Amino acid sequence: MKVEYFQPEYKVIRDMDRCIDCGICVKQCANEVHLRDKNKKLYTVDKNCVNCHRCVATCPVGALTIEKNEFGFKRNKSWSDDDINNIFRQAATGGVLLASMGTAKEYPIYWDKILINASQVTNPSIDPIREPMETRTFLGKKNSQIEFDENGDIKTEEKPFIELSTPIMFSAMSYGAISLNAHRALAEAAEDLGILYNCGEGGLHKSLYKYGDSTVIQVASGRFGVTSGYLESGAAIEIKIGQGAKPGIGGHLTGAKINQEISKTRMIPEKFDAISPAPHHDIYSIEDLRQLVDVLKEATDYKKPIIVKVAAVHNISSIVSGIARSGADIIAIDGFRGGTGAAPLRIRDNVGIPIELALAACDERLRDEGIRDDVSLVVGGSIRHSADVIKAIALGADAVYIGTAPLIALGCHMCRTCSKGLCNWGIATQKEDLVKRLDPEEGRERLVNLVSAWNSEIKEMMGGMGINSIEALRGNRLMLRGIGLNLKELEVLGIKSAGE
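Source: prediction; values computed, not measured.

Procedures and definitions
- Residues numbered from 1 in each chain as written.
- Predicted model: local features only at pLDDT ≥ 70, side-chain atom pairs only at ≥ 80, totals over all residues.
- Heavy atoms only, no water.
- Helix = DSSP H or I, 4+ residues; strand = E, 2+ residues; numbered from the N terminus.
- Rg over C-alpha atoms; globule rule 2.2 N^0.38 Å.
- Buried < 20%, exposed > 50% of the residue type's maximum accessible area, 1.4 Å probe, protein only.
- Areas by Shrake-Rupley, 256 points an atom, 1.4 Å probe, with all protein chains shown as cover.
- Lys, Arg positive; Asp, Glu negative; His and termini not counted.
- Charge placed at Lys NZ, Arg CZ, Asp CG, Glu CD.
- Phe/Tyr/Trp six-rings, centres within 6.5 Å; stacked < 30°, edge-to-face > 60°.
- Lys NZ or Arg CZ within 6 Å of the ring centre and 35° of its normal.
- Expected span 1.5 Å × (residues − 1).
- Arc of directions from axis to C-beta.
- Contact = heavy atoms within 4.5 Å.
- Core = buried A, V, L, I, M, F, W, Y, C linked by side-chain atoms within 4.5 Å.
- Pairing = 2+ DSSP bridges.
- Salt bridge = Lys/Arg side-chain N within 4 Å of Asp/Glu carboxyl O.
- Disulfide = S-S within 2.5 Å.
- Axes fitted to C-alpha atoms, helices over the stretch in contact; angles between N-to-C directions.

Before going further, it helps to examine the overall build of the chain. Along its length, the chain carries 16 helices and 21 strands. Computed over the C-alpha atoms, the radius of gyration of the chain is 24 Å, within 12% of the 23 Å expected from 2.2 N^0.38 for a compact globule of 500 residues. Over its C-alpha atoms, taken along the principal directions, the chain stretches across nearly 90 × 55 × 45 Å. Counting the 500 residues in the chain, one finds 51% classified as buried. On the chain, roughly 23900 Å² of surface is accessible, and the fraction owed to carbon and sulfur atoms is 51%. Positive and negative charge centroids in the chain, built from 61 and 65 side chains respectively, lie 7 Å apart.

And the structure:
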């Protein structure tokens, strides 16, 4: 008999006094947790449970609960239960451990150690209900001086830019990693809100081309789905060098998620893993990057801003300084808590740095070099609510990318098994019966509600600071104070301690 080395992470508890034997849990669970035996009696397979809450949410009589399995190994400060279970898994399979979403490690969250200042008497606050408050944001190169033509007239031609109604964009999530219904909800919500969503590195489904004015088109190392029509379809083009969840690692979409439509959109075979190379094999220097930037600009008649996306790593300020000189219009920086559909567990949990520190260092470096207005900075990596947005702008960002928050708004319960393609909420799956569970119209409404609520809170907080425009908040670190931070952390963030 084969020995089961580890115990289930969760226990599914069925209240038999409430259960009416309707079988809805069996139909709703794609992970085969709820089953019937040969006598049609309901039973559960706890080891299959990922704690997605689908069965709990759909049970008509509230007969189900899920609890963390308190079974544990003998306590050891050096070896956690997760460490031991992961060794068991690798010993059984010989494979790399894959993980989804952001890191679950208890690293410091610097957003929670930063407080926002408020105005009182000498600099009174502003009432956002009765007084104008500007949250519009423009991303791209900014003219640093007035220029005249040969006739002495002021040049009025503008460089390509992005206009956002609020400094928020939906970050890159590819068709394949998430369902077409999820993509459609993001696209429609972005159009309604006057912001942009990023289609990710998986190409763009033909049915979504009509949302092109609200779309950031991504070009990654695998060049999946990249055609001239694809490049022309969006409002901006993003060159993805890296992402926060897996710096230095390429993309990975498991073959189980690559159906006929995704194969057609990405221009790759069905049922085979799609792995982007770690590097772009035509980029080994800033000069090489400049060449790709120039090629993309020429291919789109110099009408679209070019974004370069990199992961937050230890020398990020030097990297961003070089990218700013490559001709890019916008730089996106993704912190190590950023989400993803599939990443090597050890990379996700141990590589990269927090976005708060990376952003502050990059903004300071670009200002010191006198090139801050040559590029806009967009940051992502666990932006959880409107206060995080305010803090990011005050640390120097022009706008933020959000990915996990929109997925939660669509119904994601953070079960962290996106790579399996069995998402019971119809988001990170390509199985037709599961995809149908996500209504894109309802999703659009929920996303619009989320960002609209954040925008209202942003105005409230700006008003409390006595600031009436996002532009006046950008890089205004005097409006921030640190709490529970050491002197070096305060120095990197460029803020004072609370009480100063």
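Having seen the structure, we can now continue with the description.
Taken as a whole and judged by the stated rule, the model has three aromatic pairs. Between arginine 54 and the ring centre of tryptophan 425, over which it is positioned, the NZ or CZ distance is 4.7 Å. Positioned above the aromatic ring of tyrosine 10, the side-chain terminus of lysine 68 is 5.3 Å from the ring centre.

This brings us to helix α7 (residues 286-299). With 14 residues, α7 should reach 20 Å at 1.5 Å per residue; the first-to-last C-alpha distance of 20 Å fits that figure. Residues of α7 that are buried: Leu289, Leu292, Val293, Leu296 and Lys297. Projected down its long axis, α7 shows its buried positions confined to an angular sector of 135 degrees, all on one face. More than 90 degrees from the buried face of α7, the exposed residues found are Glu287, Gln291 and Glu298. The inward-facing, buried residues of α7 abut α5 (228-233), β12 (236-240), β15 (306-311) and α8 (316-324). Aspartate 301, located one to two residues past α7, shows a positive phi value of around 60 degrees.

As a further point, take the nonpolar core. With 118 residues, the main nonpolar core has Phe170, Tyr197, Ile333, Leu395, Ile427, Met462 and Leu493 as its most contacted residues. Core analysis: the next-biggest nonpolar cluster, separate from the first, contains twelve residues, Cys25, Leu42, Cys49 and Leu64 among them.

Below, the discussion takes up the pairing of β15. The element β15 is extensively covered by neighbouring structure, given that six of its six residues are classed as buried. Of the two faces of β15, the one holding Ile306, Val308 and Val310 and the one holding Ile307, Lys309 and Ala311 are both buried throughout. Pairing geometry for β12 and β15, over four bridges, is parallel. Within β15, the position partnered with isoleucine 239 by the bridge is valine 308. In this structure, β15 lies alongside strand β16 (residues 330-334), joined through five bridges in parallel fashion. Counted as the bridge partner of valine 310 is isoleucine 333 from β16.

All right, on to the pattern of salt bridges then. Considering all chains together, one arrives at 28 salt bridges under this definition. Arginine 223 is the partner of aspartate 282 in a salt bridge, and the nearest nitrogen-oxygen pair spans 2.7 Å. Here aspartate 282, found in the loop between β14 (274-275) and α7, pairs with arginine 223, found in the loop between β11 (215-219) and α5; they are 59 residues apart in sequence, far enough to count as distant. Given the relative accessible area of 38%, aspartate 282 is considered partly exposed. By relative accessible area, which is 27% here, arginine 223 ends up partly exposed. A salt bridge links arginine 474 to aspartate 398; the shortest N-O distance between them is 3.3 Å. Residue arginine 474 is found in the loop between α15 (470-473) and β20 (480-482), and its partner aspartate 398 is found in the loop between α11 (386-395) and β19 (399-402); the two are separated by 76 residues along the sequence. Taking relative accessible area as the criterion, aspartate 398 reaches 2% and is therefore assigned buried. If you follow the salt bridges from partner to partner, you end up with Lys142, Asp363, Glu364, Arg367, Arg372, Asp373, Asp398, Glu471, Arg474 and Arg477 in one network.

All right, on to the state of the cysteines then. Tallied over the entire structure, the rule returns zero disulfides. Free of any disulfide, cysteine 52 has its nearest cysteine sulfur in cysteine 415, 5.6 Å distant. Assessed through its relative accessible area of 24%, cysteine 415 is described here as partly exposed.

This part takes up unusual backbone geometry. One non-glycine residue, serine 382, lies in the positive phi region at around 75 degrees. For serine 382, the position within the fold is in the loop between β18 (376-380) and α11.

What follows is about the side chain of threonine 300. Examined against the element boundaries, threonine 300 turns out to sit in the loop between α7 and β15. With relative accessibility at 1%, the residue threonine 300 sits in the buried group. For threonine 300, the residues in contact, after removing those within four places along its chain, are Leu231, Glu232 and Ile237.

Note on sheets: strands pair through backbone hydrogen bonds, and any given pair is parallel or antiparallel. If you walk across this open sheet you meet the three strands as β6-β20-β21, and the pairing is mixed. Of all strands in the sheet, those with a lone pairing partner are β6 (114-116) and β21 (496-497), marking the two edges. Note: β6 against β20, three bridges, orientation antiparallel. Looking across to β20, one finds that isoleucine 116 is bridged to leucine 480. Its contacts with the sheet put α11 on β6 and β20, and the angle it makes with β6 is roughly 95 degrees.

By themselves, these are just geometric observations and shouldn't be taken as functional.
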